[in-house]
There are 2 protein chains.
Amino acid sequence: MPNLRLALCQIDPWVGDLARNSEEVLRWSKRAAGSGADLIAFPEMVLTGYPVEDLAFRGSFVEGSRAALVDLAAKLRAEGLGDTPVVVGYLGRGEPGTRYAGKPQNCAAVLRGGEVVTRFAKHFLPNYGVFDEYRYFVPGDQLTVLRLHGVDVALAICEDIWQEGGRVAATGQAGAGLLLSLNGSPYERDKDDVRLELVKRRAAEAGCPLVYLNMVGAQDELVFDGESLVVTEDGELLLRGPQFEEALLVVDLDLPAAAEDGLPDGTVLADGLKLTRVDLGGAPKESAAPVAPQVGERLDDEAEVYAALVEGTRAYVRKNGMRSVLIGLSGGIDSALVAAIAVDAIGAENVYGVSMPSRYSSQHSRDDAAELARRTGLHFRTVSIAPMFDAYMGAAELTGLAEENLQSRLRGTLLMAISNQEGQIVLAPGNKSELAVGYSTLYGDSVGAYGPIKDVYKTLVFKLARWRNAQAEARGEVPPIPENTIVKPPSAELRPDQKDTDSLPDYDLLDAVLARYVEGDEGRDAIVAAGYPAEVVDRVVRLVDTAEYKRRQYPPGPKVSPKNFGRDRRLPITNRWRQG
Amino acid sequence: MPNLRLALCQIDPWVGDLARNSEEVLRWSKRAAGSGADLIAFPEMVLTGYPVEDLAFRGSFVEGSRAALVDLAAKLRAEGLGDTPVVVGYLGRGEPGTRYAGKPQNCAAVLRGGEVVTRFAKHFLPNYGVFDEYRYFVPGDQLTVLRLHGVDVALAICEDIWQEGGRVAATGQAGAGLLLSLNGSPYERDKDDVRLELVKRRAAEAGCPLVYLNMVGAQDELVFDGESLVVTEDGELLLRGPQFEEALLVVDLDLPAAAEDGLPDGTVLADGLKLTRVDLGGAPKESAAPVAPQVGERLDDEAEVYAALVEGTRAYVRKNGMRSVLIGLSGGIDSALVAAIAVDAIGAENVYGVSMPSRYSSQHSRDDAAELARRTGLHFRTVSIAPMFDAYMGAAELTGLAEENLQSRLRGTLLMAISNQEGQIVLAPGNKSELAVGYSTLYGDSVGAYGPIKDVYKTLVFKLARWRNAQAEARGEVPPIPENTIVKPPSAELRPDQKDTDSLPDYDLLDAVLARYVEGDEGRDAIVAAGYPAEVVDRVVRLVDTAEYKRRQYPPGPKVSPKNFGRDRRLPITNRWRQG
């Protein structure tokens, strides 16, 4: 069987930065060429970053992307890389004279010899969860098959392999020797198992090995976790790339020789896809040695979630051109975990913490905040909110919830004042359990540009804190989070002796009900039937249903669960459905 | 030609409130039956309200809607209305055994004799602008034609008549005598002209009169303006319902008799739609008298926009179960217009204003705020923010922008404190020009649950203020907005002698550039080529591109323009595209 050496560039593009992304493709292509690759590939829409959202409607951006593609082809040749085909994703348009002429498309192209050799567009467009591609793109209608060193390589983009039929079936019909899919597939907990099973199934359906090349990095709420895969048609895993890291993955594959009597160019295949053959030439190459699988270890659950939160935070700060962050440190577990994430993401020297005690703050809260700062090495200061509190209480009659929220808002205002003065971005400490039931103060603890744990349920917050401390211990380092922060009962400390459990069920119970109601869209009756106390379910359902406005006002944060409060859960604010 | 008397119920459903909406359909059906109607019709998804967004994924809600439909049919008969067919929109599911079995659909049904006589689903699903129906629904695949009193009435839902082909073409093929379309079509400035032209064109294509029944009311950011239409196949306008008002519209139409040798049930028509004939019986009715067109006057541009803002505000307050609103009154034109809208929406007795002067507030600002309160009769108080300001300045070193924003945030915090204590919802006064360029303070003047003028450019704010005052004068009433508020130069008054023009171009110029960049998605070069100063365009483009985060955090408000900062303009926050 002829051999192909593929170089898979699992990299992190920046949305909108065509010049930077082109440079990155060039830089990685040089590295890849140095490895003797026959074919170099990059992720979905690598030239523009992903997702571009309404930038797809801006003609100047589409034209910029198309021009950058042509320019990149020339630069590759100028750098002496003209001989190796490079597959890159970009934002294109429907070809003139076709049904979709001029409309934006999620495209990929093959560059070689200073030219754009061929282009095609994604066939299946995802329009669920975090995806809205029917808004932005029109579908492609061809199956591109490259002949290279005597092997037929079929090309696909992301969703093309997530739906039945389409390019996977067409690849089988065309008898290709390899299916290469470019992806921008966002992270979600446990998704790696889903992906691996899917890739195995599709390889079997296509009847050939499948290369699944994913993006890494993060864009607003989406984190891309990499973990590119190569799987044979028999389901053998030949390669698994690292998670949350850029990587050049080089793999030698022995592949079936292309049939000389294969279906001709123009043949109509599954779902009406038109076979588009592109002959890149090159004599078949002999296999030098048997292929050793390169299967990296996968991170365990906590490590993986934590890495996603760190990557999301780092990318948001850096890609927005900022350097440092500011966090209100209450001594509680949420802000402590956020501080640990921030320190891991951008370094303690770029993390600023403020303790903002009020008359209701316990001594242990102040001590725990200071201890966290000591352990992590972040910048720390203390500013009392007592004078501001007194000024408001002197000006208006405030009691109960108004008095409680006031304290939280005074802290939010102080954080924003420091941020405006010194130039950090504020990180919001809210967790998903709080957000779900609206147990937070609008313009108070919800203040911030990014919420690193907004999609993390409170029970998982505890697990991640313990996990991060255990990691440090295993490495002989000081655990960042004070033990007392982890073991004390959670409290907002906005009135004397307040505990979260005064207002909410125990977090174990709350999170179990939320998982069914929020992630599972189960109704009230179904949750009660599953054995949860009716009065708790009714209370949780009522709280969740009336907190949509607050959730919409919350800063973005990395998505880690099947339904985050952001891109993929969109309830009406004004909503009178009160039966679950 | 046989005659049909149609009763079109242009009403306002509440999203999620199945019980209320069912009661409303029953109540309006009684009124309609009293007019001797042969067929009673309601808007798109009247049983659930529109749009339901992710409620479509909640099984309990879909089942609730289906059950409410069956229950409504029984109630109609129990109330003695069993003889008259009633067409209602609801949320349904794909029929068992079909390709889309069990998946949510945007449906309508005909109720008669206590039964659901027939059901069908929307064929074309809109997935642009404010619509995301590909996320939620699967399409219907039939053309339902009712035979009633010897006339064939074809049925459609909203988008079905906005796209080429589909049910309009199929109606022509089926030779129906009337096309009845149920709509939930949101308001947008100048859209009534677009709608009328569309309806005329589609009536000609269908070869029969077209009845366009629209919803009224508002849901979160969408306002439904009513203005139902009846147009003949020759383009004659027979009926135009009122804008922004519930109405029972009764119209007698002489229509072609149904052909006895028409296409049979099951015939496949345009776009694969299957003809579904439903015989409701009834002898042909003689025309009693020639039909007099009932064509109401349309509101002029300012009146229409103002009515949309009032309706949006009223609906948001009421449908969220609130009674009163709170507004920070600066003496400036934005808060003054918001106050006038609120007073018109829910009455002066439910509107609370607070003047919150700082050391930089001019005497005229305080006077203008008090004068506005005097003229409108809203509740008014003054609370100085000086003590709070001094407390913060004593605790942290704040200068420049940090000091300016602090004042705005102290006001936001005070508004929220009063709101929490007294129970009003806060209205945010920001206009679209400010929001576009980020000329507002996060957690400051952007505080609020609803922003009545967030989709209104500043130049239009001035026009609406003058228009509202002129209306009052024409009615012999006191104009609500003090003349000085309208004529003085806009200022945030956050530092001595500050003017908006210190930071921004003149609003005439700014709004002209924004209209091209935001509404038109024109690039920087195109705007400069159209004759706008390059340095202004570059500045505006840079400001707009970097303010997306702030805009996302802004409260919802009524959409009046082609692209509001909410449902239908979705740019990445992290966006490095800086060339327009």
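The structure presented is a predicted model; accordingly, all values stated were derived computationally and were not measured.

On a plain count of helices and strands, chain A comes out with 18 helices and 20 strands. Expected size for 580 residues packed as a compact globule is a radius of gyration near 25 Å; at 26 Å, chain A falls within 12% of this value. Dimensions of chain A along its principal axes, counting C-alpha atoms only, are 85 × 50 × 45 Å. Counting only contacts in chain A whose residues sit at least 6 apart along the sequence, the fraction spanning at least 24 positions is 75%. In the structure as shown, chain A presents an accessible area of about 19500 Å², 50% of it carried by carbon and sulfur atoms. Of the side-chain charges in chain A, 64 are positive and 83 negative, and the distance between the mean point of each set is 4 Å.

Right, let's talk about helix 8 (residues 363-376) of chain A for a bit. All names here are of chain A. Between its first and last C-alpha atoms helix 8 spans 20 Å; for 14 residues at 1.5 Å apiece the expected length is 20 Å, and the two agree. For helix 8, the set of buried residues is Ser365, Asp368, Ala369, Leu372, Ala373 and Thr376. Buried positions in helix 8, seen along its axis, are confined to an arc of 135° and lie on one side of it. Residues of helix 8 that are exposed and angled more than 90 degrees away from the buried face: Gln363 and Arg374. On its buried face, helix 8 is in contact with helix 7 (333-346), strand 18 (351-355), strand 19 (379-382) and helix 13 (483-487). Residue Gly377 follows helix 8 closely and has a positive phi angle near 85°.

Let us look at the pattern of salt bridges. Residue and element names in this part refer to chain A. Considering all chains together, one arrives at 104 salt bridges over all chains under this definition. Glu205 is paired through a salt bridge with Arg202; the nearest N and O atoms lie 2.9 Å apart. Residue Glu205 and its partner Arg202 are located together in helix 5 (residues 191-206), separated by three residues, close to a single helical turn. Of the residues examined, Glu205 reaches a relative accessible area of 37% and is grouped as partly exposed. Taking the relative accessible area as the measure of exposure, Arg202 reaches 1% and is therefore buried.

The residues that UniProt annotates with the feature "binding site: deamido-NAD(+)" (unreviewed entry) are Asn405(A), Glu434(A) and Lys550(A). Mapping Asn405(A) onto the fold places it in helix 10 (residues 400-422). Among residues more than four places away in sequence, those in contact with Asn405(A) are Thr441(A) and Asn420(B). The topology assignment puts Glu434(A) in helix 11 (residues 432-437). In contact with Glu434(A), not counting residues within four places along its chain, are Asp334(A), Tyr439(A), Ser440(A) and Asp445(A).

With that settled, consider the interface of chain B and chain A. At the interface, 80 residues of chain B touch 81 residues of chain A. Of the roughly 6700 Å² buried between chain B and chain A on both sides combined, carbon and sulfur atoms contribute 52%. For the pair chain B and chain A, the interface holds eight salt bridges. At the junction of chain B and chain A, the tally comes to 36 residue pairs in polar contact (both at pLDDT 80 or more). No other element matches the twelve residues that helix 10 (residues 400-422) of chain B contributes to the side of chain B that touches chain A. Tallied by class, residues from the side of chain B that touches chain A come to 40 nonpolar, 20 polar and 20 charged.

Let us look at the UniProt feature "binding site: L-glutamine" (unreviewed entry) in chain A. With numbering aligned to this structure, UniProt lists the feature "binding site: L-glutamine" (unreviewed entry) at Tyr128(A), Ser185(A) and Lys191(A). Topologically, Tyr128(A) is positioned in the loop between strand 5 (115-121) and helix 3 (133-136). Setting aside anything within four residues of it in sequence, one finds Tyr128(A) in contact with Glu159(A) and Arg135(B). By the element assignment, Lys191(A) lies in helix 5. Those residues in contact with Lys191(A) that sit more than four places away from it in its chain are Trp162(A), Ser185(A) and Pro186(A).

This part is about the nonpolar core. The biggest cluster of nonpolar side chains holds 148 residues, and the ones touching the most others in it are Val325(A), Ile327(A), Val325(B) and Ile327(B). Setting aside residues no more than four positions away along its own chain, Ile327(B) makes contact with Ser335(B), Val338(B), Ala339(B), Ala342(B), Val351(B), Tyr352(B), Gly353(B), Val354(B), Leu415(B) and Leu427(B).

All names here are of chain B. Relative to the helices and strands, Val250 resides in strand 14 (residues 247-254). In this structure Val250 comes out as partly exposed when scored by relative accessible area, which is 23%. As for Val250 and Gln294, which are separated by 44 residues in sequence, their C-alpha atoms are 9.5 Å apart. Setting aside chain neighbours within four positions, we find Val250 in contact with Arg5, Leu6, Ser35, Leu239 and Gln294.

Residue and element names in this part refer to chain A. One open sheet holds the four strands; their spatial order is 19-18-17-20, and the pairing between them is parallel. Where the open sheet ends on each side, the last strands, each with one partner, are strand 19 and strand 20 (425-426). Pairing of strand 17 (residues 325-328) with strand 18, which is carried by four bridges, proceeds in the parallel orientation. Along strand 18, the bridge assignment pairs Val325 with Val351.

A word on the pairing of strand 9 (residues 210-213) of chain A. Residue and element names in this part refer to chain A. Of the two faces of strand 9, the one carrying Leu210 and Tyr212 and the one carrying Val211 and Leu213 are both buried. Both strand 8 (residues 178-182) and strand 9 contribute to a ladder of four bridges, which runs parallel. Bridge pairing links Leu182 to Leu213 in strand 9. Between the parallel elements strand 8 and strand 9, the chain passes through helix 5 in a crossover that is right-handed.

Conventions and cut-offs
Residues numbered from 1 in each chain as written. Chains lettered and ligands numbered in written order. Predicted model: local features only at pLDDT ≥ 70, side-chain atom pairs only at ≥ 80, totals over all residues. Heavy atoms only, no water. Helix = DSSP H or I, 4+ residues; strand = E, 2+ residues; numbered from the N terminus. Rg over C-alpha atoms; globule rule 2.2 N^0.38 Å. Contact = heavy atoms within 4.5 Å. Areas by Shrake-Rupley, 256 points an atom, 1.4 Å probe, with all protein chains shown as cover. Lys, Arg positive; Asp, Glu negative; His and termini not counted. Charge placed at Lys NZ, Arg CZ, Asp CG, Glu CD. Expected span 1.5 Å × (residues − 1). Buried < 20%, exposed > 50% of the residue type's maximum accessible area, 1.4 Å probe, protein only. Arc of directions from axis to C-beta. Salt bridge = Lys/Arg side-chain N within 4 Å of Asp/Glu carboxyl O. UniProt positions renumbered as here; feature names shortened; annotations may be inferred. Buried area = accessible area lost by both parts, 1.4 Å probe. Polar contact = N/O pair within 3.5 Å; in protein donor to acceptor, adjacent residues only side chain to side chain. Nonpolar A, V, L, I, M, F, W, Y, C, P; charged D, E, K, R; others polar. Core = buried A, V, L, I, M, F, W, Y, C linked by side-chain atoms within 4.5 Å. Pairing = 2+ DSSP bridges. Right-handed = clockwise from strand over helix to strand, strands pointing away.

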